[in-house]
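Listed here are the chains, written in short residue letters.
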Amino acid sequence: MIEFRSVTKQFPDGTVAVKSFDLVIPPRKTTVLVGSSGCGKTTLLRMINRMIDPTSGSILIDGEDTSTLAPVKLRRRIGYVMQNSGLLPHRKVIDNVATVPILNGVPKKEARAHALDLLDTVGLDRSLADKYPRQLSGGQQQRVGVARGLAADPNILLMDEPFGAVDPIVRAELQQETIRLQDGLGKTVVFVTHDIDEAFLLGHQVVILQKGGHIAQVGTPAEILANPADDFVASFVGADKGKRVLRIERVDGQDVVVDENGTPTGVLRP
Amino acid sequence: MNFVVEGFGWIFDPANIGGPQGWIARLLEQLSYTFGAVAIGAVIAIPLGYLVGHTGRGRDIAVSLSGGLRALPSLGVLILIGLGLGIGFKAPLITFVILAIPPILAGAYSGFEAVDRKTIDAARAVGMTEWQVITQVEVPLGLPLLIGGIRSGVLQVVATATLAGYISGGALGVFIFEGTSTRNYAETLGASILVTALALALEGIFALVQRLVVPRGVVAKEATDLRPRSSRPQPVMGIPIHEGK
Amino acid sequence: MKWVGSNLDLVWELIVAHVGLSVPPIIIGFLLSIPLGWVANRFRISRGVILLVLGLLYTIPSLPLFIFMPLILGTNQLSSANVVVGLTIYAIALMVRSSADGLASVDDDILQAASAMGYSAWQRFWRVELPLSGPVLLAGLRVVSASTVSLATIGSVIGVTSLGYLFINGFQRNIPAEVITGIVATLLVAVVFDLLLVLLGRVLLPWNARDRTSSRQARRQAVLLAEGVS
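My aim in this report is to walk through the structure given alongside it, one point at a time.

Thresholds, definitions, all that
- Residues numbered from 1 in each chain as written.
- Chains lettered and ligands numbered in written order.
- Predicted model: local features only at pLDDT ≥ 70, side-chain atom pairs only at ≥ 80, totals over all residues.
- Heavy atoms only, no water.
- Pairing = 2+ DSSP bridges.
- Helix = DSSP H or I, 4+ residues; strand = E, 2+ residues; numbered from the N terminus.
- Axes fitted to C-alpha atoms, helices over the stretch in contact; angles between N-to-C directions.
- Contact = heavy atoms within 4.5 Å.
- Buried area = accessible area lost by both parts, 1.4 Å probe.
- Salt bridge = Lys/Arg side-chain N within 4 Å of Asp/Glu carboxyl O.
- Polar contact = N/O pair within 3.5 Å; in protein donor to acceptor, adjacent residues only side chain to side chain.
- Left-handed = near helix turned anticlockwise from the far one by under 90°.
- Nonpolar A, V, L, I, M, F, W, Y, C, P; charged D, E, K, R; others polar.

Residue and element names in this part refer to chain A. Overall, mixed pairing links the 6 strands, which are arranged E6-E7-E8-E3-E9-E10 in an open sheet. Edge positions in the sheet fall to strand E6 (78-82) and strand E10 (214-219), since each of these pairs with one other strand and no more. When the angles between neighbouring strand axes are averaged without regard to direction, this sheet yields 15 degrees. Sheet topology places strand E3 (residues 30-34) next to strand E8 (residues 188-193); 5 bridges connect them, and they run parallel. The residue bridging Val32 from the neighbouring strand is Phe191, located in E8.

Next up, the structure:
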């Protein structure tokens, strides 16, 4: 469990990225922080592994205040996946995946063997192990990034817009892969995105943020859709544009679901 | 410190200043070599560099040329040409022209290349002819880098022109070699101080000129960014120049 | 060719002396340029000061610089230390910008990722930043190497033995073949150094070997930098 307790972050240039932010992130579930740029979502994420330290307030992981933990050690037990994968271009794929275990003192041979297994886990062919990152496609690189995030078998996995830079088809693939992985592994995943569809797809708990890290609404996707807290949320999730307001029309004895404009989006099956 | 005093003593000794054998005359010779060689070099290198920069062809050759010429010992070239043409000012001048060409060439073509492709596209899109693209877009925008190259050429030649004295070509090196052979360290040192001062003065003047001619739109951006560097020229004083002096 | 044939011993001796003069400046210049480049990148003020001072040092013509050296170092006027230290100063002046550029060329995303994975600052520098600056450092070092080998010939003018001896002696005795031998031998030393550096790069930077464009880009950048147009 990760807990934010009235966390405030003001950067040296004066901008307040996050102001008295409170949130409980439940264990073994995926929590998605979603909002437009400047809402402080990445700042919040990076405060969890102390890439950024809060100006005031505290962040607790399983009841332990992170400010009492050494940042470097803390980071080695939290997985991190970022946009553009952030792979080390001078290390082969296998060594990239094995990086954190080796930093943690696991013997190289063992770490590499485990890294090979992880390639399977994220759906990559083992033959890619000896390639350098730039020889891989964007989607493959992102999978390596996920494997690297999982390598130290962390309880927590932070994902910072990990699929922001890949094309829509690969993106959909990676999203499904993430769901499959999470079903199997049951990590505490904190996921940052600006895409509400992605948030609803992946999140058990979705946190909609406004400027300055102000929480507009927290809930399951269904709760948010059913009861948007205010106009901002309604407009952010698209409830006011008719995309999410569907109705059923009877066509040739079938229940066809159409949106507000009458465009058919699917068929209702009993 | 004694020597330094003696060196300055030599410089300020009235007997060494004026007249055809005085250091003012020698300094003017050094400057003549410098600007003469750079002018000739520019006439050759600028059109060539513009051609490379505009067409994008021969770039790798130009790079290899600059990289390779760096290893060419200018003293050796000077003496070899001197043995061929005889002593005097011709051999040094030719050597210095060879020396001045690579930086000016590099300044010319890299100046063109530094111009944003989108800007050139836009210039064509509004209906500029190829010639207008060159004269109204590439030349003015490439100017800062060209001047950087010319500055490099000047500094390199002014430094190397000291060697002309070795084959009786005049300039300030005359005193250095004379002092070395007659064991007159004050003379050697005095002339060395003069050469250094001349190089530093030219460096300062060029840094100033470069700052003045850079189009305003180009400077504005640079002053702010430090780490994410653009491919744009940066008029920083004290850019290392080519060797061979 | 006839001249070379009858003077092989001399030429070989001079090549050895020349290598002895040029290798220390290249290595010392490289080693010192890295902390200086790092400091130059760290703060805006230190960057300005370091680049300005080194730029001015580089502006000092080599012959006068060698002549000033005994005054600064307290060495004998004929000591080879004058040339070695002078060349080292040039090497640093030329290399620091490459080092600073090399360190700055490392993608910030990668550095962030390295920190996020739990590299300490020290580990991150040695295992990520420095190796990733490799291609740019190598390109800079190649330019420094060529430059140093060529400049070492000037040492002969003030009595420090190098291949430049062949120029001086050839001029005094009016033997063009001797001067040509000196030029060719100097170029040869420079080419051998260059090949060794490229080879070293292949061994130390295997990840970069397949990326010809980035190496070529780095080479171009280094050459332009040295020509003062970057």
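A few words on the interface of chain A and chain C. Each partner contributes residues to the interface: chain A has 24 residues there, and chain C has 20 residues. In total, about 2,000 Å² of surface goes out of reach between chain A and chain C, with carbon and sulfur atoms giving 61% of it. Inspection of the region where chain A meets chain C yields 0 salt bridges. Our count for the contact surface shared by chain A and chain C stands at 5 residue pairs in polar contact (both at pLDDT 80 or more). Those elements that provide at least two residues to the side of chain A that touches chain C are helix H2 (71-76), E6 and helix H3 (93-103) of chain A.

Residue and element names in this part refer to chain C. Contact geometry for helix H4 (residues 62-73) and helix H5 (residues 80-104): axes closest at 9 Å, N-to-C directions at 115 degrees. Our pair here, H4 against H5, has a crossing hand that is right-handed. Across the interface between the two elements, Ser62, Leu65, Phe66, Met69, Pro70 and Leu73 of H4 pack against Ala81, Asn82, Val83, Val85, Gly86, Leu87, Ile89 and Tyr90 of H5. For the contact of H4 with H5, the per-class residue count stands at 11 nonpolar, 3 polar and no charged.

Take the sheet that holds strand E5 (residues 64-65) of chain A next. All names here are of chain A. Ordered by their spatial adjacency, 4 strands build an open sheet running E2-E1-E4-E5, and the pairing between neighbours is antiparallel. Edge strands, defined here as strands with exactly one partner in the open sheet, are strand E2 (16-25) and E5. The pairing of strand E4 (residues 56-61) with E5 spans 2 bridges and is classified as antiparallel. Bridge assignment links Ile61 to a residue of E5, and that residue is Glu64.

What follows deals with the environment of Arg42(C). Structurally, Arg42(C) can be placed in helix H2 (residues 8-42). Arg42(C) sits 62 residues away from Ala104(C) along the chain, and the two C-alpha atoms are 9.6 Å apart.

Further remarks concern the interface of chain B and chain C. Counting residues at the interface gives 63 residues for chain B, matched by 62 residues for chain C. Summed over the shared surface of chain B and chain C, the number is 2 salt bridges. The partner of Arg216(C) in a salt bridge is Asp60(B), and the shortest N-O contact between them spans 3.3 Å. The tally of links from chain B across to chain C stands at 5 residue pairs in polar contact (both at pLDDT 80 or more). Looking at the side of chain B that touches chain C, the elements with two or more residues in it are helix H1 (2-12), helix H4 (59-69), helix H5 (74-85), helix H6 (90-113), helix H8 (130-160), helix H9 (173-181) and helix H10 (185-213) of chain B. For the side of chain B that touches chain C, the element with the highest residue contribution is H10(B), accounting for 10 residues. Split into classes, the residues belonging to the side of chain B that touches chain C amount to 36 nonpolar, 18 polar and 9 charged.

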